[in-house]
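Summary of the model geometry
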Amino acid sequence: MNDILPEEVERWHKLEAAFRLHAELHGYAEVRTPLLEPTELFQHQMGETTDVVEKEMYSFERHGDQLTVRPEGTAGAARAYVEHAVHAKEPVTRWYYLGPMFRGERPAKGRYRQFYQAGCELFGDPGPLCDAETIDLVAGFLHRIGVADFVVHVNSLGSAGTRARYREALLAHFAPRKDKLSEDSQRRLERNPLRILDSKDPRDVEAASDAPSILDLLDDADQAHWAGVLRCLDVLGVPYVVDRSLVRGLDYYTRTLFEVKATAGELGSQSALGGGGRYDNMVAGLGGPSVPAIGFAMGMERLLTMMQGEASRRRPGCYLAPLGQVGAERALLLAKQLRDLGVAVELDGRGGRLKAMLRRADSLGARLCVILGDAEIERGVVQIKDLVAHVQEEIPLEGAARVLADRALEFSPGGGQRGAR
Ligand code: AMP
């Protein structure tokens, strides 16, 4: 779990703002659900035999409730959708979220126990058009933040009937090879052979290399949907590869699945930037009506690793450097007046030497340094030093806040934006 210090937070703000804008351009509105949900929500929706549920959840009992700190956002969003009977209010719902998720995984670069996801969930539209639009949303977002080195992998898992037939085909394939599988996969063979396909254990990878593909077993309706998704992706001009081995680690998916992987950069084996898919049965499984859905989540830390741009910090418009007791108290009031006018101000209350204060103003990147000496205040003036234009001048103390605010804000980007950057 990471501390995110202020110099990094600026980049987070940029990423979050870009995601909000992008999601809202696609008609999504933000939803905020609790960090804690009933443990059984994840067990039932993600699947009892998945790695996340078996090994990675932070679960505990408190006040008689079995609770889990959310490992992902989809199940909570679907629970909220059902609980608030949103289907009765609108035919199609588009929600996005941003926030921390928790999985007790072995930490590595790009893999943390608390990590942040940005995701979208769309309820109420079964058609292939919105599958392609969802994939395009993700690819378009990556381009928006300047990430170009990625590949979109797509696959279909079919609907429930197809999945049942696929399960039998996988059992027939793996049962004679049971001894060659990892312990986890031997245990999961009967209950959930699909999970063997996303095991990273070399023994499972070997046994799965010639396993049947679900794409060969799709029924007519699944096949029509799948063809529709690929056609719409072509219409949108989204490059993709069909990846028959893509299953993603959760049980709730139906039909379209996708994952976006970085093809350059420092992420190594943690190259998955995001992924998602259709989950047409979850809403009904939670006691709601039969409402199809599709969604995805991206890992924010991984996106930040791929994004260009230096860390930076908000700069004060004015740095106030008082010399002496009278100056300090006058500076206190001036700082308040400036902030009321929308200027970011830092007041140096340490009572140190002017040189040290100027150095500090410079290192913070302040536009103006205001020197308030006792003698100047007696004469009714203050000195201002423009740290960018390198000029110094004296202005009347009376009305100084207005003059300083005009100067400091004049240089801030975007005109109306408050405080220099
Ligand atoms: P998932 O639905 O599990 O594929 O997660 C979606 C995305 O979240 C992944 O593609 C990663 O970018 C990110 N992610 C998942 N687990 C972690 C983790 N433990 N640490 C950092 N990012 C993660």
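Throughout what follows, the structure given in this document is the object of discussion. Small disclaimer: the values here were computed from a predicted structure and weren't measured. (Residues numbered from 1 in each chain as written. Predicted model: local features only at pLDDT ≥ 70, side-chain atom pairs only at ≥ 80, totals over all residues. Heavy atoms only, no water.)

Next up on the list: the sheet that holds strand S8 (residues 241-242). Here we have eight strands laid out as an open sheet, ordered S1-S5-S6-S11-S10-S9-S7-S8, and mixed in their pairing. Edge positions in the sheet fall to strand S1 (29-30) and S8, since each of these pairs with one other strand and no more. Looking at chain direction, S1 and strand S5 (residues 93-102) are connected through two bridges and run parallel. Bridging across to S5, Ala29 finds its partner in Trp95. Lying over the sheet, helix H1 (residues 6-25) contacts S1, S5, strand S6 (114-123) and strand S11 (293-299), oriented at roughly 160 degrees with respect to S5. (Pairing = 2+ DSSP bridges. Helix = DSSP H or I, 4+ residues; strand = E, 2+ residues; numbered from the N terminus. Contact = heavy atoms within 4.5 Å. Axes fitted to C-alpha atoms, helices over the stretch in contact; angles between N-to-C directions.)

Relative to strand S16 (residues 391-396), strand S15 (residues 381-386) runs antiparallel, the two being bridged by six bridges. The residue of S16 that forms the bridge with Ile384 is Glu393. The turn linking S15 back onto S16 is made up of four residues, and His390 within it adopts a positive phi angle of 55 degrees.

The next subject is the site of the ligand. Around the ligand, the structure places 14 residues, and the nearest of them are Arg103, Glu105, Tyr112, Arg248 and Ala272. The contact in question runs from an oxygen atom of the ligand to an N or O atom on the backbone of Gly274, over 3.2 Å. The contact in question runs from an oxygen atom of the ligand to an N or O atom on the backbone of Gly299, over 3.2 Å. At the level of secondary structure, the elements contributing two or more residues to the shell around the ligand comprise S6, strand S10 (272-278) and S11. Counting residues per element, the shell around the ligand draws most heavily on S10, which supplies three residues. (Near = heavy atom within 4 Å. Polar contact = N/O pair within 3.5 Å; in protein donor to acceptor, adjacent residues only side chain to side chain.)

Moving on: the environment of Gly327. Within the secondary structure, Gly327 is located in helix H12 (residues 325-340). Along the chain, Gly327 and Met282 lie 45 residues apart, while their C-alpha atoms are 66 Å from each other. The contacts of Gly327, once residues within four sequence positions are left out, are Pro322, Leu372, Asp374 and Ile377.

Before going further, it helps to examine the packing of aromatic side chains. Counting across every chain of the model gives nine aromatic pairs. Put simply, the rings of Tyr81, Trp95, Phe123, Tyr252, Tyr253 and Tyr279 pair up and form one aromatic cluster. (Phe/Tyr/Trp six-rings, centres within 6.5 Å; stacked < 30°, edge-to-face > 60°.)

All chains considered together, the criterion is met by 29 salt bridges. Its salt-bridge partner being Asp210, residue Arg177 comes within 3.6 Å of it at the nearest N-O pair. Note that Arg177 is positioned in the loop between helix H6 (160-174) and helix H7 (183-188) and Asp210 in the loop between helix H8 (202-208) and helix H9 (220-236), a separation of 33 residues in sequence. Each of Asp51, Glu54, Lys55, Asp184, Arg187 and Arg188 takes part in a single network of salt bridges with overlapping partners. (Salt bridge = Lys/Arg side-chain N within 4 Å of Asp/Glu carboxyl O.)

The pairing of strands in a sheet happens through backbone hydrogen bonds and is either parallel or antiparallel. The mixed open sheet is built from five strands, whose spatial order is S13-S12-S14-S15-S16. The open sheet has two edge strands with one neighbour each: strand S13 (345-347) and S16. The sheet shows a mean angle of 25 degrees between the axes of neighbouring strands, direction not considered. Direction of pairing for strand S12 (residues 318-323) relative to strand S14 (residues 368-373): parallel, over a ladder of six bridges. When the sheet's bridge partners are listed, Pro322 is paired in S14 with Leu372. Where H12 meets the sheet, its contacts fall on S12, S13 and S14, and the angle it forms with S12 comes to roughly 165 degrees. Those strands touched by helix H13 (residues 354-364) are S12, S13, S14 and S15, and its axis lies near 170 degrees from that of S12.

Right, let's talk about the environment of Ser271 for a bit. If you trace the backbone, Ser271 turns up in the loop between strand S9 (254-262) and S10. For Ser271, a relative accessible area of 15% corresponds to the buried category. Remark: the alpha-carbon pair of Ser271 and Arg302, spanning 31 residues in sequence, is separated by 8.0 Å. When sequence neighbours within four positions are dropped, the list of residues in contact with Ser271 reads Val260, Lys261 and Ala262. (Buried < 20%, exposed > 50% of the residue type's maximum accessible area, 1.4 Å probe, protein only.)

Taken N-terminus to C-terminus, the directions of H1 and helix H5 (residues 128-144) make an angle of 140 degrees; their axes are 10 Å apart at the nearest point. Relative to H5, the element H1 lies oblique. Crossing of H1 against H5: the hand is right-handed. Taking contact as the criterion, the partners of Leu15, Ala18, Phe19, Leu21, His22 and Leu25 in H1 are, on H5, Leu137, Gly140, Phe141 and Arg144. Residue composition of the contact of H1 with H5, grouped by class: seven nonpolar, two polar and one charged. (Parallel < 35°, antiparallel > 145°, perpendicular 65-115°, else oblique. Left-handed = near helix turned anticlockwise from the far one by under 90°. Nonpolar A, V, L, I, M, F, W, Y, C, P; charged D, E, K, R; others polar.)

Turning next to the side chain of His173. Position of His173 among the secondary structure elements: in helix H6. Sequence-distant contacts of His173, that is, excluding residues within four places in its chain, are made with Ala207, Asp210, Ala211 and Pro212.

Put simply, H12 and helix H15 (residues 400-410) touch, their axes get as near as 9 Å, and they point 50 degrees apart. When the axes of H12 and H15 are compared, the pair comes out oblique. Handedness of the crossing formed by H12 with H15: right-handed. Contact residues: H12 offers Leu334, Gln337 and Leu338, while H15 offers Ala401, Leu404 and Ala405. Class assignment for the residues of the contact of H12 with H15 results in five nonpolar, one polar and no charged.

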